[in-house]
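An overview of the molecular structure
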Amino acid sequence: MAVCNLGHCHPKVVKSIQEQAEKLIHVSNFYYIEPQIQLASLLCKYSFADEVFFCNSGAEANEGALKLARKYSKEKIGKDRYEIITMERSFHGRTLATLTATGQEKFHKGYDPLMPGFKYVPFNDIGAVKQAIDSKTCAVMVEPIQGEGGVNCPTPGYLKALREICDEKKLLLIFDEVQVGMGRTGKLFAYEHEGVEPDLLTLAKSLAGGVPIGALLIKKEVADSFKPGDHASTFGGNPLASAAGVAALTAILEEGMLENCQKMGDYFLSEFWKVEEKFPFVKEVRGKGLILGMELKIEGGPIVKEMLKKKILINCTMGNVLRFLPPLIVTKEEIDRVVKALEEVFSNCGV
Ligand SMILES: Cc1ncc(COP(=O)(O)O)c(C=O)c1O
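This one's a predicted model, so the numbers in the text were calculated from it and none came from an experiment.

Attention now goes to the environment of N238. Position of N238 relative to the elements: it lies in the loop between α8 (220–223) and α9 (239–254). For the pair N238 and E143, spaced 95 residues apart in sequence, the C-alpha to C-alpha distance is 27 Å. Among residues more than four places away in sequence, those in contact with N238 are I25, H26 and I33.

Quick look at the side chain of R323 now. Residue placement: R323 occurs in strand β11 (residues 321–324). Residue class for R323 comes out buried when judged on its relative accessible area of 2%. In this structure R323 touches M1, G147, E148, V151, Q179, L292, I314, N315 and T317, once residues within four positions along its chain are discounted.

This part takes up the pairing of strand β2 (residues 83–87). Of all five residues making up β2, five are buried, and the element is well covered by its neighbours. Where burial is concerned, the two faces of β2 agree: the one with E83, I85 and M87 and the one with I84 and T86 are both buried. Both β2 and strand β4 (residues 137–142) contribute to a ladder of three bridges, which runs parallel. Counterpart to E83 in the pairing with β4 is T137. Here β2 pairs with strand β3 (residues 118–121) via four bridges, running parallel. Across the sheet, the residue bridging to I84 is F118, located in β3.

This paragraph deals with the site of the ligand. In the neighbourhood of the ligand, the contacting residues comprise S57, G58, A59, N62, F91, H92, G93, E143, D176, V178, Q179 and K205. The contact in question runs from an oxygen atom of the ligand to an N or O atom on the backbone of A59, over 2.8 Å. Contact between the ligand and Q179: an oxygen atom at 2.9 Å from a side-chain N or O atom of the residue. For the shell around the ligand, the leading source of residues is helix α3 (residues 58–76), giving three residues.

Turning our attention to the sheet that holds β11. The strand order across the open sheet formed by four strands is β8-β9-β11-β10, and the pairing between neighbours is antiparallel. Of all strands in the sheet, those bounded by a partner on one side alone are β8 (282–288) and β10 (315–317). Strand-to-strand twist across the sheet, computed as the mean angle between neighbouring axes with direction ignored, equals 25 degrees. Most of the contacts of helix α11 (residues 301–309) go to β10, to which it runs at about 170 degrees, and overall it touches β9 (291–296), β10 and β11. Across the sheet, helix α12 (residues 332–347) touches β8, β9 and β11, and the angle it forms with β11 is around 160 degrees.

What follows covers the environment of V285. With respect to the helices and strands, the residue V285 is situated in strand β8. Note on V285: relative accessible area 8%, which makes it buried. Here the alpha-carbon distance between V285 and I174, two residues 111 residues apart in the chain, equals 27 Å. If we ignore the near neighbours within four places in the chain, the residues touching V285 are L269, F272, W273, E276, G293 and M294.

Criteria and thresholds
- Residues numbered from 1 in each chain as written.
- Predicted model: local features only at pLDDT ≥ 70, side-chain atom pairs only at ≥ 80, totals over all residues.
- Heavy atoms only, no water.
- Helix = DSSP H or I, 4+ residues; strand = E, 2+ residues; numbered from the N terminus.
- Contact = heavy atoms within 4.5 Å.
- Buried < 20%, exposed > 50% of the residue type's maximum accessible area, 1.4 Å probe, protein only.
- Pairing = 2+ DSSP bridges.
- Near = heavy atom within 4 Å.
- Polar contact = N/O pair within 3.5 Å; in protein donor to acceptor, adjacent residues only side chain to side chain.
- Axes fitted to C-alpha atoms, helices over the stretch in contact; angles between N-to-C directions.

Below, the structure written as structure tokens:
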């Protein structure tokens, strides 16, 4: 699920955890925590951000983004600004606020009443965003590539148009890169492909090489609206998770993982195009770097089960989109094995 970007037990991550565990596993945020400062500095150095808030998961990072967007907007833009526009088919987490932010009814069922203050518009439809904005809107939240919603990529210019409309209407732009951040698309952050910077960005999943962590990256002007005590997390940025984060990020940057991701992603996609030509029930293949989706005209669940029998773990989202999220260190030989297995399963699926 996009956590093991470095594969399992990357030696740098293992070593950093071992060394940190011998020094200090946890200490409260009343103290400066050295590895936390190192990780925040690295994240700021390589992104648009000036400040970082650490927590423990993607949902918690998004929760922080939603709270801060409301607080900043009420203080700085207008006291009635609290509404957040999110996208249909989005996924932002399972807490009450983040599942409300998630633009998919199946995740809402059974949890009413949901949080007030959210509006959903179709992904890739800038006109719908413009129409949804009113005097209460404070932010637009979007995954630069939708993961859970079926690996949906932005049309060229869409993210830029979102940035422009947010600037024009004094709205914050929040990118949820919990799934597509940390090198998954071939750049450290997915927003880099379009050259469009958000005001807030959330990370989790692979940030610490498999150790639970979440982070909210923020521009200073917005971060200033969180005063000490306004928002916090007991474990957020604790020494162990932060040390693992520093090691994971350093490994991504220093070991050619972004280059491998781009190269192997292109290769994987070109192999998938061949599969698409062979099997008429493949509707489309799409993705960027090593987040790849294969949309089928048939149900994807049984295909996942058959692949598992061949000891290959893939996932199916939206009922008919096979999603492939291999580690960034995947090799050509491993991709060949997956494609061969998929072709065997497709040939035997009786369609
Ligand atoms: C884009 C996105 N945002 C948020 C989340 C929630 O993250 P977590 O499960 O760490 O709370 C996920 C999890 O799949 C995700 O894909």
